[in-house]
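# Close look at the chain arrangement
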Amino acid sequence: VQLVESGGGLVQPGGSLRLSCAASGFTFRSYPMTWHRQAPGKERELVALITIGGGNTNYADSVKGRFTISRDNAKNTVDLQMNSLKPEDTAMYYCNARVKGVAYWGQGTQVTVSS
């Protein structure tokens, strides 16, 4: 299983970024996918979840209405569209898949929101 995140960077408050996670090594369409984030000195937290077919999503209260998770089962990718970014969104963002009971993580992509 391999997960590779991309799309992070430095953005001003109120700006947008789109993160992408490319998955391989497992039957992507058969598993829910999640995005998590970890800020310095804080625990990793769940940001968003998307079910197998993409029909259901869940978000942390802190990002509801600003972030949108989506997936493309033909391309084996899961994206996180982040709008109206705030300084408190600054963190390393990770893609996650739990395959046959084992949690797999990508290397992460850094998002920094600062003026």
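Look above for the structure.
This report concerns the structure included in the present document.

Each helix and strand counted, the protein has zero helices and 11 strands in total. Its helices and strands in sequence order give the protein the pattern β-β-β-β-β-β-β-β-β-β-β, from N to C terminus. Relative to the 2.2 N^0.38 estimate, which gives 13 Å for 115 residues, the radius of gyration of the protein is 13 Å and therefore close to what a compact globule would have. Across its three principal axes, the protein shows a C-alpha extent of roughly 40 × 25 × 20 Å. Counting over 115 residues, the protein shows a buried share of 39%. A sequence separation of at least 24 residues applies to 52% of the contacts in the protein between residues at least 6 apart. Just so you have it, the protein exposes about 6000 Å², and 47% of that area is on carbon and sulfur atoms.

Let's shift gears to the packing of aromatic side chains. A complete count under the given rule lists three aromatic pairs for this structure. The interplanar angle of 65° and the centroid separation of 5.8 Å between the aromatic rings of phenylalanine 26 and tyrosine 31 together place this pair among those described as edge-to-face. Overall, phenylalanine 26 belongs to the buried group, its relative accessible area being 12%. Seen in terms of ring centroids, tyrosine 94 and tryptophan 105 are 6.3 Å apart; in terms of plane orientation they differ by 90°. Their pairing is edge-to-face. With tyrosine 94 in strand β9 (residues 91-99) and tryptophan 105 in strand β10 (residues 102-105), the pair connects residues that are 11 residues apart, well separated along the chain. Taken together through their ring pairs, the aromatic side chains of Phe26, Phe28 and Tyr31 make up a single cluster. One Lys or Arg, arginine 44, reaches over the ring of tyrosine 94 and ends 3.8 Å from the middle of that ring. For the cation-ring pair, arginine 71 lies above phenylalanine 28, with the distance from its terminal atom to the ring centre recorded as 4.4 Å.

The biggest cluster of nonpolar side chains holds 30 residues, and the ones touching the most others in it are Phe26, Met33, Trp35, Val78, Leu80, Met82 and Tyr93. Every element with two or more residues in this core is listed here: β3 (17-24), β4 (33-38), β5 (45-50), β7 (67-72), β8 (77-82), β9 and β11 (109-113). In terms of residue count, β9 provides more of this core than any other element does, five residues in total. Tyrosine 93 has contacts with Glu5, Leu19, Trp35, His36, Arg37, Val47, Phe67, Leu80, Met82, Gly108, Thr109 and Val111, leaving out every residue within four places of it along the chain.

As a further point, take the pairing of β3. Covered by surrounding structure in β3 are Leu17, Leu19, Cys21 and Ala23 only, the residues Arg18, Ser20, Ala22 and Ser24 on the alternate face being uncovered. Relative to β3, strand β1 (residues 2-6) is paired through five bridges, and the arrangement is antiparallel. Across the sheet, valine 4 pairs through a bridge with alanine 22, a residue of β3. For β3 and β8, the ladder comprises six bridges, and the chain directions are antiparallel. Paired with leucine 17 across the two strands is methionine 82, which belongs to β8.

Quick notes on the rules
- Residues numbered from 1 in each chain as written.
- Predicted model: local features only at pLDDT ≥ 70, side-chain atom pairs only at ≥ 80, totals over all residues.
- Heavy atoms only, no water.
- Helix = DSSP H or I, 4+ residues; strand = E, 2+ residues; numbered from the N terminus.
- Rg over C-alpha atoms; globule rule 2.2 N^0.38 Å.
- Buried < 20%, exposed > 50% of the residue type's maximum accessible area, 1.4 Å probe, protein only.
- Contact = heavy atoms within 4.5 Å.
- Areas by Shrake-Rupley, 256 points an atom, 1.4 Å probe, with all protein chains shown as cover.
- Phe/Tyr/Trp six-rings, centres within 6.5 Å; stacked < 30°, edge-to-face > 60°.
- Lys NZ or Arg CZ within 6 Å of the ring centre and 35° of its normal.
- Core = buried A, V, L, I, M, F, W, Y, C linked by side-chain atoms within 4.5 Å.
- Pairing = 2+ DSSP bridges.

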